[in-house]
Amino acid sequence: MVLPAHLRSLANLSGEVTVVAGDEPTIRSVLDALERAHPALRGTIRDQESGKRRPFVRYYACSEDLSHEPVSTPLPPEVLAGKEPFLVVGAMAGG
Amino acid sequence: MWHMSGVRVLVGTRKGVFVLTADEGRSDWTVSEPLFSGWEIYHVAGSRLDPDRIYASQSTGWFGQLIQRSDDGGKTWEPVGKEFRYDGEPGTHQWYDGTPHPWEFARVWHLEPSVHDVDTVYAGVEDAALFRSTDGGGSWQELPGLRTHDSAPSWQPGAGGMCLHTVIEDPSDPLRLFTAISAAGVFRSDDGGASWLPKNRGLRSGQIPDEDAEVGHCVHRLAMHPDRPQTLFMQKHWDVMRSDDAGDNWREVSGNLPTDFGFPIAVHAHEPETVYVVPITSDSEHVVMDGKLRVYRSRTGGDQWEPLTAGLPQENCYVNVLRDAMAVDSLDSCGLYFGTTGGQVYASSDAGDSWAPIVRDLPAVLSVEVQTLP
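## Quick word on the overall build of chain B
And then number 1: The secondary structure content of chain B amounts to zero helices and 30 strands.
And then number 2: Relative to a compact globule of 374 residues, whose C-alpha radius of gyration would be 21 Å, chain B shows 19 Å and is just as compact.
And then number 3: Dimensions along the principal axes, computed over C-alpha positions, put chain B at roughly 50 × 45 × 40 Å.
And then number 4: Here chain B, with 374 residues, has 53% of them falling under the buried criterion.
And then number 5: The contacts of chain B with a sequence gap of at least 6 include a subset with a gap of at least 24, amounting to 50%.

## With respect to the overall build of chain A
And then number 1: Each helix and strand in chain A was counted, giving three helices and three strands.
And then number 2: When the helices and strands of chain A are listed from N to C terminus, the series reads α-α-β-β-α-β.
And then number 3: Taken against the 2.2 N^0.38 rule, which gives 12 Å for 95 residues, the C-alpha radius of gyration of chain A at 12 Å falls within 12% of a compact globule.
And then number 4: Principal-axis analysis of the C-alpha atoms gives chain A an extent of 35 × 25 × 25 Å.
And then number 5: With 95 residues in all, chain A has 20% of them scored as buried.
And then number 6: Counted over contacts in chain A with a minimum sequence separation of 6, partners at least 24 positions apart contribute 53%.

## Here we look at the interface of chain A and chain B
Accessible area lost during the coming together of the parts is what is often quoted as the interface size.
And then number 1: Facing 14 residues of chain A, the contacting portion of chain B comprises eleven residues.
And then number 2: Ranked by the residues each element gives to the side of chain A that touches chain B, the list is headed by helix α1 (residues 5–10) of chain A, at three residues.
And then number 3: For the side of chain A that touches chain B, the class distribution of residues is six nonpolar, six polar and two charged.

## Focus on helix α2 (residues 27–37) of chain A
Residue and element names in this part refer to chain A.
And then number 1: Listed in full, the buried residues belonging to α2 are Ile-27, Val-30, Leu-31 and Leu-34. Looking straight down α2, one finds that the buried residues subtend no more than 95° of arc, so they occupy a single side.
And then number 2: Summarising the contacts, the buried residues of α2 are in contact with β1 (57–61) and β3 (86–90).

## Examining unusual backbone geometry
Residue and element names in this part refer to chain B.
And then number 1: Omega for the peptide link from Glu-126 to Asp-127 comes to -10°, which places this bond in the cis form.
And then number 2: The topology assignment puts Asp-127 in the loop between β11 (121–126) and β12 (129–133).
And then number 3: With omega at 0°, the peptide bond leading from Ser-182 into Ala-183 counts as cis.
And then number 4: Note that Ala-183 resides in the loop between β15 (173–182) and β16 (185–189).
And then number 5: A positive phi angle is found at Phe-36, which is not glycine, with a value near 55°.
And then number 6: Relative to the elements of secondary structure, Phe-36 occurs in the loop between β3 (30–31) and β4 (40–46).
And then number 7: Residue classification places Phe-36 among the buried residues on the basis of 23 C-beta atoms within 10 Å.
And then number 8: Positive phi values are uncommon outside glycine, yet Ala-246 reaches one of about 55°.
And then number 9: Residue placement: Ala-246 occurs in the loop between β20 (240–243) and β21 (251–252).
And then number 10: For Ala-246, a count of 18 C-beta atoms within 10 Å gives the class partly exposed.

## As for the sheet that holds strand β23 (residues 275–279) of chain B
To summarise the sheet geometry, strands pair through backbone hydrogen bonds and adopt either a parallel or an antiparallel arrangement.
Residues and elements named next belong to chain B.
And then number 1: Read across the open sheet, the four strands follow the order β22-β23-β24-β25; overall the sheet is antiparallel. The two strands at the open ends of the sheet, each matched to only one other strand, are β22 (262–267) and β25 (306–308). Across the sheet, the axes of successive neighbouring strands diverge by a mean angle of 30°, strand direction being ignored.

## As for the pairing of strand β27 (residues 336–339) of chain B
All names here are of chain B.
And then number 1: The side-chain alternation of β27 yields two buried faces, one formed by Leu-336 and Phe-338 and the other by Tyr-337 and Gly-339.
And then number 2: The pairing of strand β26 (residues 326–328) with β27 spans three bridges and is antiparallel. Bridge pairing links Ala-327 to Tyr-337 in β27.
And then number 3: Here β27 runs beside strand β28 (residues 345–348); their pairing, made up of four bridges, is antiparallel. Across the sheet, residue Phe-338 finds its bridge partner in β28, namely Tyr-346.

## Some points on the environment of Ser154(B)
Residues and elements named next belong to chain B.
And then number 1: Residue placement: Ser-154 occurs in the loop between β13 (141–142) and β14 (163–170).
And then number 2: Accessibility expressed as a C-beta count within 10 Å gives 15 for Ser-154, which makes it partly exposed.
And then number 3: In this structure, Ser-154 is in contact with Gln-94 and Val-215, ignoring residues within four places of it in sequence.

## Thoughts on the sheet that holds β4(B)
All names here are of chain B.
And then number 1: Strand order in the open sheet made by the four strands is β4-β5-β6-β7, with antiparallel pairing throughout. With one partner strand each, in any of the chains shown, β4 and β7 (78–80) form the two edges of the open sheet. For this sheet, the mean inter-axis angle between neighbouring strands, taken without regard to orientation, is 30°.

Definitions and cut-offs
- Residues numbered from 1 in each chain as written.
- Chains lettered and ligands numbered in written order.
- Predicted model: local features only at pLDDT ≥ 70, side-chain atom pairs only at ≥ 80, totals over all residues.
- Helix = DSSP H or I, 4+ residues; strand = E, 2+ residues; numbered from the N terminus.
- Rg over C-alpha atoms; globule rule 2.2 N^0.38 Å.
- Buried ≥ 20, exposed ≤ 12 C-beta atoms within 10 Å, placed from the backbone.
- Contact = placed C-beta atoms within 7 Å.
- Nonpolar A, V, L, I, M, F, W, Y, C, P; charged D, E, K, R; others polar.
- Arc of directions from axis to C-beta.
- Pairing = 2+ DSSP bridges.
- Axes fitted to C-alpha atoms, helices over the stretch in contact; angles between N-to-C directions.

If you want it as structure tokens, here you go:
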């Protein structure tokens, strides 16, 4: 996975982060795994209570915007193979 | 730089925290690197029981609210609890257009470490509610008696949002607490935060249909001298007010101020009748008047005010000073500090007689607190 700089510094990470998310990882399970491994990130990508993606956060993979896909969507095979990252991106906002 | 006799000024800005330190002379300052660079910091506050304990409210529109805690005077920080869940079904307040609007958590405006217990800290949030942690910020519980007051469905946001921005403990009575909400007004609890009563008698606000209403006043800030917990000073949207009966009754003390609109208000550390405000032109012009940055001081508990200008820009200055952005230290010669929306932090080591900038080019300043270090 690739996280925005603010979240990398919050979780004391540098570069890409690898998470273990079961046999058939989905958007939800990969974020669950990320938050288990790095509890400081809870609530920063998804609302802690509702589990909804925060409005100015986007999910991309393989040049596709997965932000509006159901969270049960499986991750693309290229991501599972480690060839492409699952990107969490802070949307363009503000000035 | 972190442990010394002197003062530590904690500055929250639109883009991070800056820590400014000096010895008792307060003329030679060290400015830290930015902490939490790029994050909006509504407030940074240290414990009066343990100056090494500091909390910061950190947020961005992207990633939401975080709370950071330091136990070594700001050298290292750790994210702590950030779940601010309203107790039960939160209900509605009024929106700007008068329609009911559900209570929604936006951010923590103000952190108030308790003077009674080192691990207790209060958080005032938007949409207005008061939270308390008794484990040093690890977890937060709402004190719902305030938000569920009978008047709450009629509360309306001020222009900056419906925020609970002021929390003051009575140092002599652990059960007594004051809060202020824009634009609902002052509330007092005499039972440790369980139940609350509006304390707005004497406030008059021309912007609301009933000028003398029990709630609906846009109180910007309260200040109390710790030795005089019955006396409170208030900067309201318009009007500077005082109460000598713990908020039961208020009277206007704007006196000869050039404008009585403003945000912060502070009391001298050793003189309970010496009060400071920063007059701002108006609610439609959130800048100081006439291009002059002037702090006004009253040595008579209000009514008579004098401008303090030495060392402050007296031309071409158009900044604002926000409600949490002024503080006093408790050294023998009382020091005064404030930060501007233009990124300057000014200090006076002689109770306001003269001023000098500590730093001029920070991001817009949201909050200024000062710790007097042994």
